[in-house]
Amino acid sequence: MTSGPLQEIVAVLASPAAGNPSQYLFERAVEAAGLDLRIVTCDVAPERIGEALAGVAAMGFRGCLLAGPLRRAALHVVAAASPTARFAGGVGLVERTADGLAGHLTDGRGVVESLRAHLDPTGRHALVVGAGTTGRAVALELALAGAAGITVADPHEGLAEQLVADLAGLETAPATLLAWSDSLAVPPRVGIVVRATATAVTFADLRPEIVLADVSPAVGMPPEATAAGCCLVDGLEIRAVQAAIDFQSLTGVEADVEMLREALDEYLS
């Protein structure tokens, strides 16, 4: 007798894994699409990411999602990394290919696609708050989307300066540095503000025409942005869009973003 096709597997690797909503979101999308796909979540120490990814390849998993410090550690383990992953310094999605494991980072795409539902970033100046892996990915995707300019702020001045220099090297959108303050004054030319850091910060000089996006689903929107009448793009929307991008990347099937947002809201509640 011959056995039927084995159920394909996607892994969620995190450190720590507790509280990561990816499996919950993917299972909802798998059910809606009627796919025969299993999602498993594993807690992996950063120093063992090489072994974990070797296991993903050896066992024939379709791919995996990475979270926390594993994202930076995996960049030096995958056989190939996308330009965005290399620029940002981290890998959030790994797919198994004929040439080995390929790493991608979809954080920036998730933010830009979420923004597109409210405005076209082309020709607009953006302020990116945070110059870590996510902030770098967001800044790159905004530059590629045709932003008129990108201003960067981060409490770690060296990270912000490096991101400005790296953006300048791309010769796409002009990049400038905004000195860090616990209350950042938004420059008059800025039309998009993206908070891509968990560091506490408030904003001054906000205007109704500004679109403010907050990457973290667990952090509430700045009350000063609500008071100023800004258009708000919250972390739930961004995370749902990114999950849909990841799901399509690994399965080839589109996922309902609104369904994913509702699922994420349920998970966090």
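First things first, this report covers the structure right here in the doc. What you see is a predicted model; the values in this text were computed from it and never measured. (Residues numbered from 1 in each chain as written. Predicted model: local features only at pLDDT ≥ 70, side-chain atom pairs only at ≥ 80, totals over all residues. Heavy atoms only, no water.)

### Brief notes about unusual backbone geometry
Now for step 1: The peptide bond linking serine 15 to proline 16 adopts the cis configuration, its omega dihedral lying at 0 degrees.
Now for step 2: Locating proline 16 in the fold gives a position in the loop between β1 (8-14) and α1 (22-33).
Now for step 3: A positive phi angle is found at glutamate 171, which is not glycine, with a value near 55 degrees.
Now for step 4: Tracing the sequence through the fold places glutamate 171 in the loop between α7 (157-170) and β9 (175-177).
Now for step 5: Of the residues examined, glutamate 171 reaches a relative accessible area of 74% and is grouped as exposed.
Now for step 6: Non-glycine residue aspartate 205 carries a positive phi angle of around 65 degrees.
Now for step 7: Turning to its location among the elements, aspartate 205 is positioned in the loop between β12 (202-204) and β13 (211-214). (Helix = DSSP H or I, 4+ residues; strand = E, 2+ residues; numbered from the N terminus. Buried < 20%, exposed > 50% of the residue type's maximum accessible area, 1.4 Å probe, protein only.)

### Quick notes on the sheet that holds β13
Now for step 1: Judged by pairing direction, the sheet is parallel, and its 6 strands sit side by side in the order β9-β8-β7-β11-β13-β14 without closing on themselves. Each end of this open sheet is capped by a strand with a single partner; those strands are β9 and β14 (231-233). When the angles between neighbouring strand axes are averaged without regard to direction, this sheet yields 20 degrees.
Now for step 2: Of the strands in this sheet, β7 (125-129), β8 (149-153) and β11 (190-195) are in contact with helix α6 (residues 133-144), which crosses β7 at around 170 degrees. (Pairing = 2+ DSSP bridges. Axes fitted to C-alpha atoms, helices over the stretch in contact; angles between N-to-C directions. Contact = heavy atoms within 4.5 Å.)

### A closer look at the layout of surface pockets
Now for step 1: In this structure, the largest pocket spans a volume of roughly 980 Å³.
Now for step 2: Taken together, 37 residues form the lining of the largest pocket, with Ala67, Gly68, Arg71, Asp107 and Arg239 sitting closest to its centre.
Now for step 3: Listed by contribution, the elements that provide at least two residues to the lining of the largest pocket are β1, β3 (63-66), α3 (70-74), α6, α9 (235-251) and α10 (257-268).
Now for step 4: Broken down by element, the residue count for the lining of the largest pocket peaks at 4 residues, all from α9. (1 Å grid on protein atoms, 1.4 Å probe; cavity = no way out; pocket = protein on both sides within 12 Å on 5 of 7 lines; lining within 4 Å. Points joined across faces, edges and corners; volume = space filled by probe spheres on them.)

### Section: the pattern of salt bridges
Now for step 1: All told, the structure shown has 11 salt bridges when counted by the stated rule.
Now for step 2: The partner of aspartate 166 in a salt bridge is arginine 136, and the shortest N-O contact between them spans 2.7 Å. In this pair, aspartate 166 sits in helix α7 while arginine 136 sits in helix α6, placing the two residues 30 residues apart along the sequence.
Now for step 3: Overall, the relative accessible area of 23% leaves aspartate 166 in the partly exposed class.
Now for step 4: Note on arginine 136: relative accessible area 11%, which makes it buried.
Now for step 5: In this structure, arginine 261 and aspartate 234 form a salt bridge, with 2.7 Å as the shortest nitrogen-oxygen distance. Here arginine 261, found in helix α10, pairs with aspartate 234, found in the loop between β14 and α9; they are 27 residues apart in sequence, far enough to count as distant.
Now for step 6: For arginine 261, a relative accessible area of 24% corresponds to the partly exposed category. (Salt bridge = Lys/Arg side-chain N within 4 Å of Asp/Glu carboxyl O.)

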